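Each chain, written out:
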Amino acid sequence: MQVSLHSLSEEIDRIDPALVAELEDKESSQSPDLHQSLIERMDKILEGFPEEPDPVLRSLPYRALDFAFKAHGDQYRSSGKPYITHPVAVAELVGELVPDRPTLAAALLHDVVEDTEISSANITELFGQEVAFLVDGVTKVSQIRYALSHEKQIENLRRLLVATAKDLRVILIKLCDRLHNMRTLTPLAPAKRRQICQSTLDIFAPLAHRLGVEKIKNELQDLCLFYLNPGIYRRIKEQVAERLVERREYAEKVRHNIADVLATHGIEGNVEWRVKHFWSIYQKMERDRKDFSEIYDLTGIRILVESVDECYGALGIVHAVWPPVEGRFKDYISNPKPNDYRSIHTTLLGPEGRLLEVQIRTFQMHRVCEEGVAAHWRYKDLGRSSRRLGDDAAWIQQLSGILNEEMGAEEWTESLKTELFTSETYCYTPRGDIIRLPVGSCPIDFAYQIHTDLGDRCQGARVNGRFVPLSHRLKTGDLVEIVTSKSAHPTPDWLNLVKSSRARQKIRNSLLDLNRDTLIEQGRVLLGRELHRIGKDPAKFVQTKLCGRIIEQLKVKDLDDLFALIGFGRIATKQVLARIIQSEAKSKSTRKETQGETIKVSEIDDVLYRLARCCHPVKGEPIIGLVTRNRGISIHRETCVNITKFQGDPARLIPLNWEGSAEKVSKVDIVVEASDRTQLLADVTNTISSVGMNITRSSTLTHGDHTATLEFTIEIRDIQHLERLAKLLIELQGVSRVSQRRGARKTPLV
C-alpha cells in the first residue's frame, strides 16, 4: 500500500493569484523570443498526446498557434502582457483535460473571431469544420456577461446549452478560459472583478460541478473567495497554516496506520491526504455559523484501490479499526451522482478521538471525480471514432430541449436553477429504466418525464407496489408505475406539486388549451380594469400602435393570446402598464448611447423618482430605474439583488446614467471588521479623514473572540472615492473585511 504525502505549503498557496502572476512573469521572461517560447510550450503540451499518423492533423496545433500569434498581433491584456499568452495558457489547461488536437487548436483560436477581423468562414477554410464549430461555440458562450440585461443573459445561456449539447468540448474550453481569466483578474477594476466573480459563482462553477470537473470548480470557487472576500481568504489561509506541523504529524500517523492495516488484508493501492478547499471552509463557516476553530474536518483521507470489490473491502476494514459516525455514510458507487461521481464517503471516530472523513474509490473513479466527462475522453476515447462525447451530453441535450424559447425570462431562469444546479432523485420504471428527477419530485413529474400524454392522463401511482397520492415525494430507488385514465387531466393544483420544469411547462400548456375561452374573457376584464385606472379607454388602447408593440415585446401571437395569458397569470397586467409608463417616460427626454437609450438622472427631474433603500446606489455606480405603480421610478444599482425579480420584465426597467442633478456628496454606511487592538479606532478614522471624507455617525462593538466591528456613516463624492478608501482600510493592521451596508445586506468593497 503506497502512502502519498502532499506538500502542505503547496496546498495552502495553491490558488493565490499573486503567486500565479509571479510564475507567469518568470515564464514569459525566460526567453526574449516570445514566438519561440510559445512553440516550446506547445511542444510540452503535446508530449502527453497520443501519436497522430496524419501529418495534417499532427501539425494542426502549430498552425493554429502561428495564426493566433499573427491575428492578435499587438493586442495586450489588462496586465500589459501580449494577448497571445492568454490563449496559449488556455490551451495548456485544455490539453490536460482533452488530449485532442482539434480541441487544442480551437482553444488557441477561441478569441480570434471575437477580438480580431477574422471571420468564422476564415477559420473553416483554414482549419476545417470541426475546429470552426468549436471556435464558434466558444465565441457565443463568451458573450455571457453578468452585467448584461437579463434577457440578453438568458439568450446567451441558451446558446451555451445548445452549443454544449452538440459538443461538450465547447464548455470544457470555456471553463479553461474562465479559469485562466480568474487567475489573472488582479489588474481589473474592483467592480469588474466582482461582476466576473459573480458570473463565475452563478454559472461556470455550477456547470463545472455538473460536468464533474471538480478540480476546475474548486479553483474557481477559491479564486472567487480571494477576490470577493480577500480579508476572509487571508484569515482562513493563515489559520490553516498555523496548524501546519500538527496536521502533517497527524496526517502521516493516520495514513500509515490505514496503509498498514489494508496491506495486512492484501489490499494494494494509495492512501492520500487531502485538504478542504478554502471556499468549502468559508461556506461551512457561513452556513453553520461556526468559527474556524469549530471546523474539525479540514483534512481527510482518500483511499485509492484497483477494483470496486476492494473499495467495499477497504470500507469494512477501516470500520473495524475505527467506529463510523452514525448518519455520515454515503455510497455514491451504488448510487452515482448525476455527473457520474462515484465514491464511498464515511466519517470515523479516528485516533485521538478526532472526526476523520474518509473517501474510498478506484483509480478510474478518481480520474472521473477530478476531470468529470473529460476523463472519459482521455481514458476511453483516445481513438478517432468518437469525437463528440454524445453519450455524456445526453442530460444537456434534454435540458436544452426543456428550456425552450417560449418560456418567459423569469420562468427560464428558475427552470435552469432547478434542472441544472439542484440534486437529483433516481427512480425506476416497471421495465427497469432509470428516470432522473429533481429532489422532491412527485409521480406527476415522473409521468411527464416519460411522455406528455402519460402526464396528462395521470390519475394515480403505485410506488414499490403500493398506491400513493399524487403529492407523494419520490425517493432514490423507488419503483414507480403510473395509473392513467382517459377522463383524467391536469388541474391548477398540480403546479404546486411538481418540481421539474418539464412537468410545469406541460401542465401550463394543457391548462391553457383546456380553458382558453374563459381565460381570454378573464384577461380582457383584468386588463380593462387596470387601463381604466390610469385613465385609458380599453377599446381605443387595443387599436393603438403602442398596443401592437407591447404584444411584440411580450412575444405573444395576438390580442386574444395576450388576454389568455393575463387570465392564466402567465403575464401580469402590470407588465402591460409598465410598458405604457415607460413609453411615456421615454418620450420626455432620452439620449442615445452604445448600449441603447439611456436617461440621465438630470432628465427625469420632472418624473417622481427616489433612490432605493435596499441597495443605496452611489454616484458613479451603474444604475437602473424600476418603473413602479404609484411611486414613479425607483433607482437601483444594476447588480441589486432585488432588481433580478423584475428582469424577466425588461419594459419596467429603464437604463439611467448619473449626471446633472445627482448630489455632490452621497451618504453611505460602511462596516470595518478587524482584530481588536489599541489605536484601531484612531487608525480607521484617520484613514477616512485622509481621503477627505466627513464622518457623520460612528459606532464600535467589540466581541468576545477579540474582534471588533466598526460602523460609520460617511460622505463621499462617488463610488471611486469609496473604493479608494476601502483599499486603504484593508491594508491596516488586523482589518479583515471592509463592506458597504446596503439595507440589511453588507457588500464587500475589496
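Let me begin by describing the structure that accompanies this report.

### Comments concerning a negative patch on the surface
- A contiguous patch of negative charge on the surface is contributed by D33, E40, D43 and E47.
- The topology assignment puts E47 in the loop between α3 (34-46) and α4 (55-58).

### Remarks on the side chain of R77
- Tracing the chain through its elements places R77 in the loop between α5 (60-72) and α6 (85-97).
- Accessibility expressed as a relative area gives 17% for R77, which makes it buried.
- Leave out the neighbours within four places in its chain, and R77 touches P82, Y83, T85, H86, H180, N181 and T184.

### Focus on empty space enclosed by the protein
- Applying the stated criterion across every chain, the model contains three cavities of 30 Å³ or more.
- Each pocket or cavity is described by its volume, and for the largest cavity that value is around 40 Å³.
- P190, R193, R194, Y227, L228, L749 and V750 are the residues that line the largest cavity.
- Mapped onto the lining of the largest cavity, the elements with two or more residues apiece are α13 (190-210) and α14 (214-228).

### What about the pattern of salt bridges?
- Counted by the stated rule, this structure contains 15 salt bridges.
- The closest approach of N and O atoms between E92 and R41, which form a salt bridge, is 2.9 Å. Of this pair, E92 sits in helix α6 while R41 sits in helix α3, and the two are 51 residues apart along the sequence.
- Since its relative accessible area comes to 21%, R41 is described here as partly exposed.
- One salt bridge connects D100 with R169, and the closest N-O pair in it is separated by 3.0 Å. Here the residue D100 occupies a position in the loop between α6 and α7 (101-109), and R169 occupies one in helix α12 (residues 169-183), the gap between them amounting to 69 residues.
- Overall, R169 belongs to the buried group, its relative accessible area being 0%.
- One network of salt bridges, in which partners are shared, links D100, E130 and R169.

### Overview of the packing of α13 against α14
- The N-to-C vectors of α13 and α14 enclose an angle of 160°; their axes lie 9 Å apart at closest approach. Classified by the angle between their axes, α13 and α14 sit roughly antiparallel to one another. Two packed elements cross with a definite hand, and for α13 against α14 that hand is left-handed. Touching R193, R194, C197, T200, L201, F204, A205, A208 and H209 of α13 are E214, I216, K217, L220, Q221, C224, Y227 and L228, all from α14.

### Considerations on the sheet that holds strand β22 (residues 745-748)
- The strand order β19-β20-β18-β21-β22 describes an open sheet built from five strands, whose pairing is antiparallel. If you trace the sheet from one side to the other, it starts and ends with β19 (694-702) and β22, each paired once. Looking at each pair of strands side by side, their axes are set apart by 30° on average, direction ignored.
- As defined by bridge partners, strand β18 (residues 666-675) adjoins strand β20 (residues 707-716) across ten bridges and the pair is classed as antiparallel. The residue bridging V672 from the neighbouring strand is L710, located in β20.

### Details of the packing of α14 against helix α15 (residues 230-242)
- As a packed pair, α14 and α15 sit with axes 5 Å apart at the nearest point and diverge in direction by 120°. On the side of α14, the interface is formed by D222, L225, F226, Y227 and L228, while α15 contributes P230, I232, Y233 and I236.

Scoring rules and cut-offs
- Residues numbered from 1 in each chain as written.
- Predicted model: local features only at pLDDT ≥ 70, side-chain atom pairs only at ≥ 80, totals over all residues.
- Heavy atoms only, no water.
- Patch = residues over 30% accessible without salt bridge, like charges linked within 9 Å, V, L, I, M, F, W, Y side chains within 5 Å.
- Areas by Shrake-Rupley, 256 points an atom, 1.4 Å probe, with all protein chains shown as cover.
- Salt bridge = Lys/Arg side-chain N within 4 Å of Asp/Glu carboxyl O.
- Lys, Arg positive; Asp, Glu negative; His and termini not counted.
- Charge placed at Lys NZ, Arg CZ, Asp CG, Glu CD.
- Helix = DSSP H or I, 4+ residues; strand = E, 2+ residues; numbered from the N terminus.
- Buried < 20%, exposed > 50% of the residue type's maximum accessible area, 1.4 Å probe, protein only.
- Contact = heavy atoms within 4.5 Å.
- 1 Å grid on protein atoms, 1.4 Å probe; cavity = no way out; pocket = protein on both sides within 12 Å on 5 of 7 lines; lining within 4 Å.
- Points joined across faces, edges and corners; volume = space filled by probe spheres on them.
- Axes fitted to C-alpha atoms, helices over the stretch in contact; angles between N-to-C directions.
- Parallel < 35°, antiparallel > 145°, perpendicular 65-115°, else oblique.
- Left-handed = near helix turned anticlockwise from the far one by under 90°.
- Pairing = 2+ DSSP bridges.

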